[in-house]
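# Architecture at a glance
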Amino acid sequence: MTSSPFSFSLDRRHFLAGAASLAALSAGFITNASAQSTDTPKKGGVLKLGIGGGSTTDNLDPRILKDWVPVNQAFMIMNGLVEIDTNNHAVPELFESWEAQPGAVEWVFKLRQGVTFHNGKTLTVEDVIYSINLHRGETTSAARSVASALKSVDKLSDTEVKIVLESGNADLPYILSDYHFLVVPEGWTDFNKPVGTGPFVFESYDPGVRSRFTRNPNYWKPNAAHVDAVEVIVINDIAARTNAIMSGQVHAINQLDFKTVDLLRRNPNLNIVQSAGGQHFTFLMDCTQAPYTDNNIRLAIKHAIDREQLLKTALRGYGRLGNDHPVPSSDRFYAADLPQRPYDPEKAKFYLKQAGLDALKIEISASDAAFSGAVDAAAIFRTSAAKGGIDVSIKREPADGYWDNVWMKAPFCMSYWGGRPTADQMLTIAYQSTSAQNDTHWKNEAFDKKLIEARALLDDAKRKEIYAELQALISNEGGAMIPMFGDYLDATSKKLKGVTTHPMFNFMGARLAEKVWLDA
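All values derive from a computational prediction rather than experimental measurement.

Broken down by element type, the protein chain carries 17 helices and 23 strands. Against the 2.2 N^0.38 benchmark of 24 Å for 520 residues, the protein chain shows a C-alpha radius of gyration of 22 Å, consistent with a compact globule. Across the 520 residues in the protein chain, those meeting the buried criterion constitute 60%. With the model as given, the accessible surface of the protein chain reaches about 18900 Å², and the carbon-plus-sulfur share is 50%.

In structure tokens, the structure reads:
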């Protein structure tokens, strides 16, 4: 996933033109697809989605969206400020256009006109400012570290918002595409039944079980929101989810089991949607809890995993090797010169001795809530780690409540990240010391300082140098072992049209419901 180089001052036209000159974009394809994008959209029908990644503790508050189900549901009800398209470009949504002053510290965003909320209220600048401020100051928002870079967010006119940053950031439109920055009416607090400007209107919501949303008859986007209603059925069990799509109970499922993808490909009634991007799977060591406070222990663990075997066995090859940092090879700031960390049991033993140990016993909390095949991946790690003197026991955790009870609480656990469209955004959200989602609790002053320095630079060559340093810092000192990047894999019924690949998340960047239609 990449961002866009451009010169200042810039307007939206120049920004998008610059984006067209990106380096390698994430690839993807749809197996068995036949002229999906050329079909004429049809209105009607009830779209049924079987989605994994939901919990009874879910909430539709944009500040605390944590997993695939609530993110998809939120996009059905609410719109964002900026959207990431299928080419990984930042394109207008509720912000119709934008312009930056030289240095990219001051920005002016123009609000789209003629948009109304589901309750009939007209969208205003005040609504946007309120929605952005949900993530600023004293807040529980997972996006507060990103929003902390916004020094001020002010009304410039009835159609314009002025944002001043603490320091220049050429990637601000990409940052504002984050799924937390969804828009609600000014003063809105009832997030059990949110009102938005999105393609569908809230009808019913049973967290972790099912929900139903009906078409917004006044939706402002042309050629969108084709189905009469969307029913979301939460199916966390991958076998049950697979059975649901094969039996025709649902029209699409996310997060396919890597072990059964090839079998599903042979089903004449299904399409397999495979998208490569920044999704990566993580083994998280809490750097504030023993024994992971010692970087020698962290390095021993990083050398004790057989990445090649994990990619082959757990992902069936549907991905790429990871190097213990979160920037994918498709990103223009990817550190290609950073040596790939190999599986080296002797090196693992060496680092244990540096920590004063001959052997190490640890426990990893694992659940397929983290990603499909996570428990199997933990078992593969246990086998490879034993040769390095590390005795791993696996604590199987229930999927329900995993993100509230285990993630960022257990000393050593499994997780995933869906990736972000820019290196700066990914590094800021998951590794900056002040981030609410710094899930290894790793803090490094030099990293924080260089991260701020890099985002303000207009010289891409210099930015690349610094981002390479940051990737090396995370790889060599951070608490995340990242052995592999996995493709996004969805399955859809051939009755479902308009489906495309997308470099951001499953289900077309979590916006599938808005864009597809039923051909039956």
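Moving on from the coordinates now.
A few words now on the UniProt feature "domain: Solute-binding protein family" (unreviewed entry) in the protein chain. Those places that UniProt annotates as "domain: Solute-binding protein family" (unreviewed entry) correspond, in this numbering, to residues 91–435. For residues 91–435, the end-to-end C-alpha separation is 26 Å, with 24% helix and 24% strand making up the annotated structure.

With that settled, the discussion passes to the packing of aromatic side chains. Under the counting rule described, the total for this entry stands at 21 aromatic pairs. When the centroid spacing of 5.5 Å and the interplanar angle of 25 degrees are considered together, the rings of Trp 68 and Tyr 416 count as stacked. Note that Trp 68 is positioned in helix 2 (residues 68–77) and Tyr 416 in strand 19 (residues 412–417), a separation of 348 residues in sequence. Under the relative-accessibility criterion, Tyr 416 is labelled buried at 10%. Summarising the aromatic geometry, the rings of Phe 381 and Phe 412 are spaced 6.2 Å apart at their centres and angled 85 degrees between planes, so their arrangement reads as edge-to-face. Placement of Phe 381 in helix 11 (residues 374–386) and of Phe 412 in strand 19 is noted, with a sequence separation of 31 residues between them.

Turning our eyes to something else, we now look at the pairing of strand 18 (residues 390–396). As paired elements, strand 17 (residues 360–366) and strand 18 share seven bridges and run parallel to each other. Of the residues in strand 18, the one forming a bridge with Ser 365 is Lys 395. Taken together, strand 17, helix 11 and strand 18 form a β-α-β motif whose crossover is right-handed.

Taken as a whole and judged by the stated rule, the model has zero disulfides. Free of any disulfide, Cys 287 has its nearest neighbouring cysteine sulfur in Cys 413, separated by 12 Å.

Turning next to the pairing of strand 21 (residues 488–493). With six of six residues buried, strand 21 lies mostly within the body of the structure. Judged by which residues are buried, strand 21 turns out to be covered on both faces: Tyr 488, Asp 490 and Thr 492 on one side and Leu 489, Ala 491 and Ser 493 on the other are all buried. Across two bridges, the pairing between strand 13 (residues 252–253) and strand 21 is antiparallel. Of the residues in strand 21, the one forming a bridge with Ile 253 is Ala 491. As paired elements, strand 14 (residues 270–275) and strand 21 share six bridges and run antiparallel to each other. Within strand 21, the residue paired with Gln 274 across the bridge is Leu 489.

Calculation rules
- Counting of residues starts from 1 at the beginning of each chain's written sequence and follows it residue by residue.
- Reporting of local features is limited, given that this is a predicted model, to residues whose pLDDT is at least 70; pairs of side-chain atoms are given and counted only at 80 or more, and all residues count toward the totals for whole chains, interfaces and linings.
- Side-chain calculation: all heavy atoms of the structure are included, whereas hydrogens and water are not.
- Each helix is a run of DSSP H or I of at least 4 residues and each strand a run of E of at least 2, with the numbering of both proceeding from the N terminus.
- Within these notes, the globule rule equals 2.2 Å times the number of residues to the 0.38 power, and the radius of gyration is based on C-alpha atoms.
- For every residue, the accessible area obtained with a 1.4 Å probe (protein chains only) is divided by the maximum for its type, and the residue is called buried under 20%, exposed over 50%, and partly exposed between those limits.
- The accessible surface values rely on the Shrake-Rupley method and a 1.4 Å probe; as for residues, cover is taken only from the protein chains in view.
- UniProt positions are given in the numbering used here, feature names are shortened, and annotations may be inferred rather than shown by experiment.
- Classification of ring pairs rests on two measures: the distance between centres of Phe, Tyr or Trp rings, Trp counted by its six-membered ring, which must be within 6.5 Å, and the angle between planes, read as stacked under 30 degrees, edge-to-face over 60 and tilted in between.
- By this definition, two strands are paired if DSSP reports at least two bridges between them.
- A crossover gets the label right-handed when its path from the first strand over the helix to the second runs clockwise, viewed with the strands pointing away from the viewer.
- Two cysteine sulfurs form what is called a disulfide whenever their separation falls within 2.5 Å.

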